[in-house]
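Reading the structure
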Amino acid sequence: MQLHPNDNVEVLLQPQGEISAGHKVALRNIKKGENVIKYGFPIGHATCDIAKGEWVHSHNIVTNLEGTLEYKYCPINNEQLTINNEQLPINNAQLTPSASAVASPSPLGEGGRGRGFFLGYLREDGRVGVRNELWILPTVGCVADLATRLADEMSKNTTLTVRAFPHTFGCSQLGDDHANTRQLLASLAMHPNAGGVLVLGLGCENNQINELKPLIDSSRVRYLISQEVEDEVEEGLKILSELSRNAERCERTEQPFSKLCIGLKCGGSDGFSGITANPLLGRFSDLVTSLGGTTVLTEVPEMFGAETILMDRCASREIYDKTVRLVNDFKEYYLKQGLPVGENPSPGNKEGGITTLEDKSLGCIQKGGTSTVFDVIDYGHAATTSGLNLLCAPGNDLVASTALAAVGCQMVLFTTGRGTPFGTCVPTVKVSTNSTLATRKPHWVDFNAGVLVEGKTFEEVVPQFCDAVISIANGAQTNNEKQGYSSIAIWKGGVTL
């Protein structure tokens, strides 16, 4: 498949000799030093002459990425996208949602088709949860095992799902590193998917509950400092029992699609990610935002090389400037550690056909569809603006998914070409990029986008995907939920005392 008329490579849909499906071959002779073009944009340059039909991968191309860049504000005119300030025409129907799909709410769910709603739990702050669970959030790693014990004990005494989210942080941190941990936990404590939250402290940690409380504004949250009570298990269960009684009174009610907040994430990509699953999420993102909802795209390093496509879609100069800072600050984070900004694709990514970071990024950002970027969110903070948002977080699957949950995303749509059982603290919907993975790991994969290279069209698949997502919003369990896989991971960038 040639993804764009300007491309000088194509993607194999089936293996060709010793070259695996999802990998690239040259459409014409490519000279040493010449840019390799995919999706219409450079993904690196050739390190030697490449003959037509030859395999194009990490043995003969390298990234063009280096350091921070100065960008030019070029608001999109709906006819052109830019990357690295080079303008190229859009000519890829796979990346552009149909006008009828965007205009009509009907594709969004069998359960609400034609009526424009899903069934959720309205919270006191106006946000809506798609789950009604009890959460236990330790302030520090020292009480992580206690949190797990309390969850196990409480699960015997309530019909609600009880989840503990152990982590290793909350002490021996300083400055921004400590502040990020505190802010992330505060945002999670107010998550609408939790009908009740116990914030569990030790008492002597840096992350003091008295400093955490001012960041939390929710009637669904209670606190326990373990060092201040005789029997922390007994006291914890008392608090959880009260929270359970309150949460059990909550009921699902009809809520408009504008209340949806959806996280967009990819992990373990392959050569099909930018052809099937990521564009599918982009279509869905365009639908949700067109109806007043919110979607959040993160993994900042996986914007490198494709960032100006997002910059050109910013709603204002202010949002553009925030996006430039988001990208360049993240590059500085790499450079201060003496690390190259283009060193990203993992061994699994490369095995699946992803060669350079630009190759991955150009597929990655397709999850954001074609909508306007309305805000940039700092790590650990909640979303305040509807529409497409960008979030400051790394590409690491666990860290990025947790950050999306902290934003207030009721679920994370997680595309994968390699597969993973992982789930964060909210439903984590695995969307496979290829049918082979979906067949091998049906207990991991929730939706197979691989059919999009097997004769199915986006017009057929988008409504099916919307039905699946709304079904999950209405209470259907994802595979990670069925297997009890849920965890959080905190981004640590500072010293440990």
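Residues numbered from 1 in each chain as written. Predicted model: local features only at pLDDT ≥ 70, side-chain atom pairs only at ≥ 80, totals over all residues. Heavy atoms only, no water.

Strand order in the open sheet formed by seven strands is S18-S19-S17-S16-S20-S21-S22, with parallel pairing between adjacent strands. A strand with exactly one partner marks an edge of an open sheet, and here the two such strands are strand S18 (373–377) and strand S22 (447–448). In the sheet, strand S16 (residues 261–267) pairs with strand S17 (residues 294–297) via four bridges, with the strands oriented parallel. The partner of Leu264 across the bridge, within S17, is Leu297. Relative to strand S20 (residues 411–416), helix H6 (residues 277–290) is tilted by about 155°, and along the sheet it contacts S16, S17, strand S19 (387–391), S20, strand S21 (428–432) and S22. Helix H13 (residues 458–473) rests against S20, S21 and S22 of the sheet, and its axis sits at about 135° to S20. (Pairing = 2+ DSSP bridges. Helix = DSSP H or I, 4+ residues; strand = E, 2+ residues; numbered from the N terminus. Contact = heavy atoms within 4.5 Å. Axes fitted to C-alpha atoms, helices over the stretch in contact; angles between N-to-C directions.)

Moving on, we come to the pattern of salt bridges. Within this structure, the stated rule accounts for 23 salt bridges. For the salt bridge of Glu481 with Arg131, the shortest nitrogen-to-oxygen distance reads 2.8 Å. With Glu481 in helix H14 (residues 479–482) and Arg131 in the loop between strand S10 (128–129) and strand S11 (133–138), this residue pair connects regions lying 350 residues apart in the sequence. Classification of Glu481 by relative accessible area gives buried; the value is 8%. Close ionic contact of Lys238 with Glu234 constitutes a salt bridge, the shortest N to O distance being 3.8 Å. With Lys238 and Glu234 both in helix H5 (residues 232–248) and four residues apart, this pair spans about one turn of that helix. Note on Lys238: relative accessible area 47%, which makes it partly exposed. (Salt bridge = Lys/Arg side-chain N within 4 Å of Asp/Glu carboxyl O. Buried < 20%, exposed > 50% of the residue type's maximum accessible area, 1.4 Å probe, protein only.)

Nothing here speaks to function; it is geometry throughout.
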